[in-house]
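Analysis of the macromolecular model
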Amino acid sequence: MFKLARMLLPQQRILASPLRLQRLISTSDEVNAEPILKSMDTIGGLPTELVNEQKLKKTSRTLSTLQNHSVPIAARVTVSKDESRDFMAVFPDLVRDITTVTKAYNCSDAAKWFAQVLQYNVPRGKKNRGILTVLTYKNLVPAQDLTPENIKLAQYLGWCVEMLQSFFIISDDVMDNSTTRRGQPCWHKVENVGLTAINDALMIENAMYAILKKHFSHLDCYVALMELFHEITYITTCGQSLDQLNSNYKDAEAFRQSKTILLEMGNFFQVQDDFLDCFGNPEVTGKIGTDIQDNKCSWLAVVAMQRANVEQKQIMVDCYGKEEPAKVERVKELYKELGLPSTYAIFEEESYNMIKTHIQQTSRGVPHQTFLQILNKIYQRDS
């Protein structure tokens, strides 16, 4: 830590003795409170202790920044022991539910094996994703809805998130031929497992849907949950595909340029999607847009709030995110009043020209023709 601080902090903020630096990160009462510099009673006309106190504050803030941001946010989540214990208490019920479903297909041996798969892979690690699912539910719903039954449903949902993560991890470890995960051998490296891990991963994924069906099929949110889990799975597997395909990308500069172009096209596509949700023809798009009713943070909504005056912003507050057709229509009228259809047309044209120019300027090794085909396909799309 001391070496790290000396490398990263401005030299004038580093104290001469490691003991002094220890005071910045220690809460122990054993560190005395003697003045750091005794050779001077004042510095710049100010009391020495006051000057050093300010130095300590500045350095402490810098150290705090280094400590807090040296790891990903997810890894810094602090969960109470009670929350973790309550969450783990549901896991045996989860395993029992899944093995019961498996046995129903006259697969007792598979059920026994699968119980081991679940125990080895799912509850390991910090379980932040699952526990945060529960905490989010507790923070979003009214107090009267926080019944033991509803909290347990949230815990089941959290375990479904953990199962999905386990499915991704096992598959990723096989593809990367990794050796360890979460402080233990990867599942496919365990004796007598091998490539059976692929089927085990698929079982975990599908068991997750069995849990959703058993505990959520009677709720209005069931279809939305199923769609969300499928969407996240597809997005993640697309990312995994890119990871595998790009692992053989030898030209770092070509990869960087390709990534930039793809991100630009992704943003272009999303803005198009937001516009078509509101102003597209349902007979062409194949769906009736609901971004306004669903209170989505769409491109249209963001630009509208940037342009709106006080009265117009109040219209957004009163009507956006509401189901009433009149309020939805009022938002669309406001979009037109603010000139958003024209703004979108300009954005689409300028974005197309910019991305096309970037593609044409890329270096050798970038698939120019493929990128141009994709760009031309999405340009001025109506669905």
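Residues numbered from 1 in each chain as written. Predicted model: local features only at pLDDT ≥ 70, side-chain atom pairs only at ≥ 80, totals over all residues. Heavy atoms only, no water.

Threshold: UniProt positions are given in the numbering used here, feature names are shortened, and annotations may be inferred rather than shown by experiment.
As recorded in an unreviewed UniProt entry, the chain goes by Farnesyl pyrophosphate synthase and comes from Drosophila simulans. UniProt annotates the chain under Sequence similarities (unreviewed entry) with the comment "Belongs to the FPP/GGPP synthase family." The Cofactor (unreviewed entry) field of the UniProt record for the chain holds the comment "Mg(2+)".

Some words on the packing of aromatic side chains
Formally: For Phe, Tyr and Trp, where Trp contributes only its six-membered ring, two rings pair if their centres lie within 6.5 Å, and the inter-plane angle classes them as stacked under 30 degrees, edge-to-face over 60, or tilted in between. To qualify as a helix, a DSSP run of H or I must reach at least 4 residues; to qualify as a strand, a run of E must reach at least 2; elements of each kind are numbered from the N terminus. Accessible area is worked out with a 1.4 Å probe on protein chains only. A residue is then buried under 20% of its type maximum, exposed over 50%, and partly exposed in between.
On inspection of all chains with the given rule, the structure shows twelve aromatic pairs. Ring geometry for Phe275 versus Tyr344: centroids 3.9 Å apart, planes at 5 degrees, classification stacked. You can see Phe275 sitting in helix α11 (residues 252–279) and its partner Tyr344 sitting in helix α16 (residues 340–361), a full 69 residues away along the chain. Tyr344 shares its class with Phe275; the two are buried. Measuring from ring centre to ring centre gives 5.6 Å for Trp299 and Phe347, while their planes differ by 40 degrees; the resulting arrangement is tilted. Taken together, the positions of Trp299 in helix α13 (residues 299–307) and Phe347 in helix α16 put the pair 48 residues apart, joining distant regions of the chain. Of the two residues examined, Trp299 and Phe347, each falls in the buried class. By way of ring pairs, the aromatic residues Phe268, Phe275, Phe279, Trp299, Tyr335, Tyr344 and Phe347 are connected into one cluster.

Quick word on the environment of Val190
Quick reminder of the rule: The contact rule is simple, with two residues in contact once any of their heavy atoms fall within 4.5 Å.
One can find Val190 in the loop between β4 (184–185) and α9 (196–216). Placed eleven residues apart in sequence, Val190 and Thr179 show a C-alpha to C-alpha distance of 9.5 Å. The contact partners of Val190, leaving out residues within four places of it in the chain, are Tyr120 and Pro185.

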